[in-house]
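Residues per chain are reported as follows:
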Amino acid sequence: MSKPKHILVIRLSAMGDVAMTVPVLRAFTQQYPSVKITVLTRAFFAPLFRDLKNVTVFPADVKNKHKGLVGLYKLSRELKKENCDAIADLHKVLRTKVLKPLLGVPKVATVDKGRKAKKELTQGKIFEPLKTTHQRYADVFETLGFPLDLSKPNYPIPEALNPNVSRIIGSTNKKRIGIAPFAAHEGKKYPLELMEQVVKELSKDYQVLLFGGGKKEVQVLNYLESEADGIINMAGKLSFNEELDVISNLDVMLSMDSGNAHLAAMLGVNVVTIWGVTHPFAGFAPFNQPADYALVADRKLYPKIPTSIYGNKYPDGYKDAAGSVPVERVVEKVRTVLR
């Protein structure tokens, strides 16, 4: 069978997971420029792929038009018009298991999520680095006949900031730090009182831009912004495209194990991460970042870490595990990266 000429890539889930596909697809487009890629994902995520050549986004409306079995059937009929001759399923959930046969595409490869090894990691049976999620995605393309080298990544140049963005962040000679203090689950968050100290200390020498969303998060970020000059809350002020523009201009991003870490990494920004009940060994560290940029909780105090892959499960007393990373260590790591 000849090599595919048009691959349908399926990745429908959370923003961080979708962002992790971007460095892999960028490597693919550079190493196989004649192959067309269509990415099936949520419409909101389309800006993530904006600089990738030969890549188009097919928006899936899984909450309305494409919801349920009838919706998936409608989606399959729409996708057939794209004439893809291979599928790279980077999602592997019930929805994609139903969708793939409906498309009738002859060549299909599905991600191996490594569930057995991840279960052993969270059960304490092993404690060693597992295959990265980025490499798992690359393996899918190798199955389709396209081995990928992720070791020499290229990144887009920082985007020019439009007048709206420039008005909000102003001009400065200081280096810019992005700080995203939130995560999907409590067990992955750095305690707010410690993050407040980090923000205030770094704002003495650098411009600090705060990222987040949701009403409660915005309230917290507004409070942090009021603590000192040089701290700017970006939440709710920009379009997603503009937010990506700002992130591309950062000198470093400080984030939890969360989507913002992957947004920055896919744009080639240095990323320092703080980890609570999760751990980089599970394979979700941001792309192409040195191992020492990941500041992990003290396993002498919290020996059961990682307690889960996504941070949604943890024993009593583990909620604030990330707080075992000292403020001084966080500040010094960011300063070291900036130097």
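Up top is the structure.
Reading guide: rules and limits
For every chain, the first residue of its written sequence is number 1, and the numbers climb from 1 along that sequence. Predicted model: local features are reported for residues with pLDDT of at least 70 only, side-chain atom pairs are reported and counted for 80 or more only, and whole-chain, interface and lining totals are derived from all residues. Where side-chain values are given, they derive from all heavy atoms of the structure, hydrogens and water being excluded. We count a stretch as a helix when DSSP gives it H or I for four or more residues in a row; a strand needs E for two or more, and each element gets its number in order from the N terminus. Accessible area is worked out with a 1.4 Å probe on protein chains only. A residue is then buried under 20% of its type maximum, exposed over 50%, and partly exposed in between. By definition in these notes, contact holds between two residues if any of their heavy atoms fall within 4.5 Å. Angles run from 0 to 180 degrees between N-to-C directions of axes, and those axes are lines fitted to C-alpha atoms, restricted for helices to the stretch in contact. Small angles under 35 degrees read as roughly parallel and large ones over 145 as roughly antiparallel, with 65 to 115 read as roughly perpendicular and the rest as oblique. Each crossing gets its hand from how the near helix is turned against the far one by less than a right angle, where anticlockwise is left-handed and clockwise is right-handed. Residues are grouped as follows: Ala, Val, Leu, Ile, Met, Phe, Trp, Tyr, Cys and Pro are nonpolar; Asp, Glu, Lys and Arg are charged; every other residue, Gly included, is polar. A pair of strands is labelled paired if DSSP reports no fewer than 2 bridges between them. One side-chain nitrogen of Lys or Arg within 4 Å of one carboxyl oxygen of Asp or Glu is enough to make a salt bridge. Any two of the Phe, Tyr and Trp rings considered here, Trp counted by its six-membered ring, make a pair once their centres fall within 6.5 Å; the pair's planes then place it as stacked at under 30 degrees, edge-to-face at over 60, or tilted in between. We call a charge positioned over a ring when the NZ of a Lys or the CZ of an Arg lies within 6 Å of the ring centre and within 35 degrees of the ring normal.

So what's going on with the side chain of K188? Residues and values would help.
Mapped onto the elements, K188 comes out in the loop between β6 (176-180) and α7 (192-202). By relative accessible area, which is 9% here, K188 ends up buried. With residues up to four places along the chain from it excluded, the contact list for K188 reads A183, M256, D257, I274, T278, Y310 and G311.

Describe the environment of R77, and please don't skip the residues or the numbers.
Inspection of the secondary structure assignment puts R77 in helix α2 (residues 68-80). It is 8.3 Å that separates the C-alpha atoms of R77 and L102, two residues lying 25 residues apart in sequence.

How would you sum up the packing of helix α1 (residues 15-31) against helix α10 (residues 259-266)? Please name residues and give values.
The geometry of α1 relative to α10 is characterised by a closest axis approach of 8 Å and an angle of 15 degrees between their N-to-C directions. It follows that α1 is roughly parallel to α10 by the angle criterion. Helix-helix and strand crossings are classified by hand; for α1 and α10 the assignment is left-handed. Residues M15, G16, A19, M20, V22, P23 and R26 of α1 pack against G259, H262, L263 and M266 of α10. A per-class count over the contact of α1 with α10 returns 7 nonpolar, 3 polar and 1 charged.

Would you mind going over the sheet that holds strand β11 (residues 294-296) in detail, with residue names and values included?
One open sheet holds the 6 strands; their spatial order is β8-β7-β6-β9-β10-β11, and the pairing between them is parallel. On the outer flanks of this sheet lie β8 (231-233) and β11, each paired with one strand and no other. Adjacent strand axes in the sheet meet at a mean angle of 20 degrees, parallel and antiparallel pairs treated alike. Packed onto the sheet, helix α11 (residues 327-338) meets β6, β9 (252-256), β10 (271-275) and β11 and runs at close to 150 degrees relative to β9.

Describe the sheet that holds strand β5 (residues 108-110), and please don't skip the residues or the numbers.
Backbone-to-backbone hydrogen bonds pair the strands of a sheet. The strands run either parallel or antiparallel. Taken in spatial order, the 5 strands of this open sheet run β3-β2-β1-β4-β5, and their pairing is parallel. The open sheet has two edge strands with one neighbour each: β3 (55-59) and β5. This sheet shows a mean twist of 20 degrees between the axes of neighbouring strands, independent of strand direction. With 4 bridges connecting them, strand β1 (residues 6-10) and strand β4 (residues 86-89) associate as parallel partners. Directly across from I10, in β4, lies its bridge partner D89. Of the strands in this sheet, β1, β2 (36-41) and β3 touch α1, which is tilted by about 175 degrees from β2.

Describe in detail the pattern of salt bridges, supporting the description with residues and values.
Pairing between side chains of opposite charge can happen when the charged atoms of each approach one another. According to the stated counting rule, one finds 16 salt bridges in the structure shown. A salt bridge links K131 to D139; the shortest N-O distance between them is 2.7 Å. Among the residues examined, K131 registers a relative accessible area of 41% and is labelled partly exposed. In this structure, the salt-bridge partner of K204 is E201, at a minimum N-O distance of 3.0 Å. Of the residues examined, K204 reaches a relative accessible area of 55% and is grouped as exposed. A residue is classified by how much of its surface remains accessible, and E201, at 29% relative accessible area, is partly exposed. Ionic contacts of the salt-bridge type, sharing partners, join the residues E201, K204, D205 and R335 into one network.

A description of the packing of aromatic side chains should follow, citing residues and the corresponding values.
What the rule picks out here adds up to 9 aromatic pairs. A centroid spacing of 5.2 Å and a plane angle of 45 degrees characterise the contact between F28 and Y32, whose relative ring orientation is tilted. Comparing F28 with Y32 shows no difference in burial state: the two are buried. Here a set of aromatic residues connected by ring pairs shows up, and it is made of F28, Y32, F141 and F146. Just above the ring of F127 sits the side chain of R299; from NZ or CZ to the centre is 3.6 Å.

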